Amino acid sequence: MVRMAFRTVDPEDLDYYEKRLQTYSVPYDVIPEGYRRGRALRFQSPSGHTVELYYAMDYTGNLLPTVNPAPWPDGLTGIAPPRLDHTLVTAPDPATAIRFFQEVLEFRASEVLVQPDGTPIAAWLWQRPAPHDLAIVPGGAGGFHHAAFMIDTPEAIFRAADILARHHVRIDLGPGRHGITRGTTIYFFDPSGNRLETFGGYSAYQMDPDTQAITWTADRMTQGVSYYATELNESFLKVYT
Ligand SMILES: [Fe+2]
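Residues numbered from 1 in each chain as written. Predicted model: local features only at pLDDT ≥ 70, side-chain atom pairs only at ≥ 80, totals over all residues. Heavy atoms only, no water.

> So what's going on with the nonpolar core? Residues and values would help.
Residues F6, F43, F101, L105, L125, L134 and I136 are the most contacted members of the largest nonpolar core, which totals 26 residues. The dominant element in this core, judged by the number of residues it contributes, is helix α2 (residues 94-103), at four residues. Shared between two domains, this core takes at least three residues from each, and those domains are domain 1 (4-54) and domain 2 (84-203 + 212-238). Apart from residues lying up to four places away in sequence, L134 is in contact with M4, F6, H86, T87, V89, F101, F107, A123, W124 and L125. (Core = buried A, V, L, I, M, F, W, Y, C linked by side-chain atoms within 4.5 Å. Buried < 20%, exposed > 50% of the residue type's maximum accessible area, 1.4 Å probe, protein only. Helix = DSSP H or I, 4+ residues; strand = E, 2+ residues; numbered from the N terminus. Domains from an automatic or database assignment. Contact = heavy atoms within 4.5 Å.)

Next up, the structure:
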């Protein structure tokens, strides 16, 4: 992973988060306007990742008109996920990395996997009203476990699995359901060796303003990742890029 970038809701938010970086003594660079993107703030997270915040970006739309659009564009092929959903990264000291994203960047935890003493092992963090924009698990500094693309319905997961199998894609886990987020999932590897996911169907979720984080205990980690599994495969636990 070269970097992960998050877009702010308003232009003023960029100034607001610049002040927060200063308040928390986080060194950062101001990256001038670049290819189809405005000014960005770039810094290192304790997980070892390069993180950017930006607001301005060229608006490309989604292949549909903004007046009287159809439900989906003509001519889609393959799985055709409508959007990117989240990424999951690794950190040598997950508790410190999770605290950084919560305190400095004001992410909120939807779910947390904890040690018996309550120390976070992993967290699912959100800013948009969805289970997670970013998740952090234990592992090497700057590691990338997967990026996930949204699929709309639980039924679509089997169509996605059919398409992956038809194209001889190496599936890592699934199709199945997560205990954590209750979303449906397939993990698979792209030709470069990075893991991707299709994710969706978390219909029980309601991100109310007073939503409380859900706790998972370490002894239930397997069901948290893969609700129907009795054990997790080695590659899912060990392979990240
Ligand atoms: Fe995921």
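> So what's going on with the coordination of the iron ion? Residues and values would help.
In this structure, H86 (NE2), H146 (NE2) and E197 (OE) serve as the protein donors to the iron ion, at separations of 2.0 to 2.1 Å. Read from N- to C-terminus, the donor residues coordinating the iron ion fall into the pattern H-x59-H-x50-E. With H146 in strand β9 (residues 144-150) and E197 in strand β12 (residues 195-200), the pair connects residues that are 51 residues apart, well separated along the chain. Classification of H146 by relative accessible area gives buried; the value is 1%. (Donors = N, O, S within 2.8 Å, 3.2 Å for Na, K, Ca; no water.)

> Give a description of the domain arrangement of the protein that names residues and reports values.
Interface size is often expressed as the accessible area that is lost when the parts come together. Annotation of the protein at the domain level lists domain 1 (4-54) and domain 2 (84-203 + 212-238). Computed over C-alpha atoms, the centres of domain 1 and domain 2 are 24 Å apart. With 17 residues of domain 1 at the interface, the matching set in domain 2 holds 20 residues. Summed over both partners, the interface of domain 1 with domain 2 buries about 1300 Å², with 73% contributed by carbon and sulfur atoms. Joining domain 1 to domain 2, the criterion identifies one salt bridge. The interface formed by domain 1 and domain 2 holds seven residue pairs in polar contact (both at pLDDT 80 or more) in total. Broken down by secondary-structure element, the contributors of at least two residues to the side of domain 1 that touches domain 2 are β1 (4-7), α1 (11-23), β3 (40-44) and β4 (50-54). (Buried area = accessible area lost by both parts, 1.4 Å probe. Salt bridge = Lys/Arg side-chain N within 4 Å of Asp/Glu carboxyl O. Polar contact = N/O pair within 3.5 Å; in protein donor to acceptor, adjacent residues only side chain to side chain.)

> Describe the side chain of S235, and please don't skip the residues or the numbers.
Its location among the elements puts S235 in helix α5 (residues 234-238). Of the polar contacts made by the side chain of S235, one reaches the side chain of D172; its length is 2.4 Å. Beyond its immediate sequence surroundings of up to four residues, S235 is in contact with R170, D172 and R195.

> Describe unusual backbone geometry, and please don't skip the residues or the numbers.
Generally, phi is negative for residues other than glycine and the peptide bonds are trans, each holding for most cases. A cis amide bond links G174 with the next residue in sequence, P175, at an omega value of 5 degrees. Mapping P175 onto the fold places it in strand β10 (residues 171-177). Even without glycine at this site, S25 takes up a positive phi of about 55 degrees. With respect to the element layout, S25 can be found in the loop between α1 and β2 (28-31). Since its relative accessible area comes to 63%, S25 is described here as exposed. Phi angles above zero are rare outside glycine, and E106 is one such case at about 60 degrees. Mapped onto the elements, E106 comes out in the loop between α2 and β6 (108-114). Given the relative accessible area of 29%, E106 is considered partly exposed.

> Give me the lowdown on helix α3 (residues 154-166), citing residues and values where you can.
Residues spaced three or four apart along an α-helix face the same direction, because each turn holds 3.6 residues. The terminal C-alpha atoms of α3 lie 19 Å apart, and with 13 residues this matches the ideal 18 Å at 1.5 Å per residue to within 8%. Restricting attention to buried positions, one finds in α3 the residues I157, A160, A161, I163 and L164. All buried residues of α3 lie within an arc of 165 degrees about the axis, which places them on one face of the element. Opposite its buried face, α3 presents the exposed residues E155, F158, R159, D162 and R166, each directed more than 90 degrees away. Among the structural elements, β10, β11 (184-189) and β12 are those in contact with the buried residues of α3. (Expected span 1.5 Å × (residues − 1). Arc of directions from axis to C-beta.)

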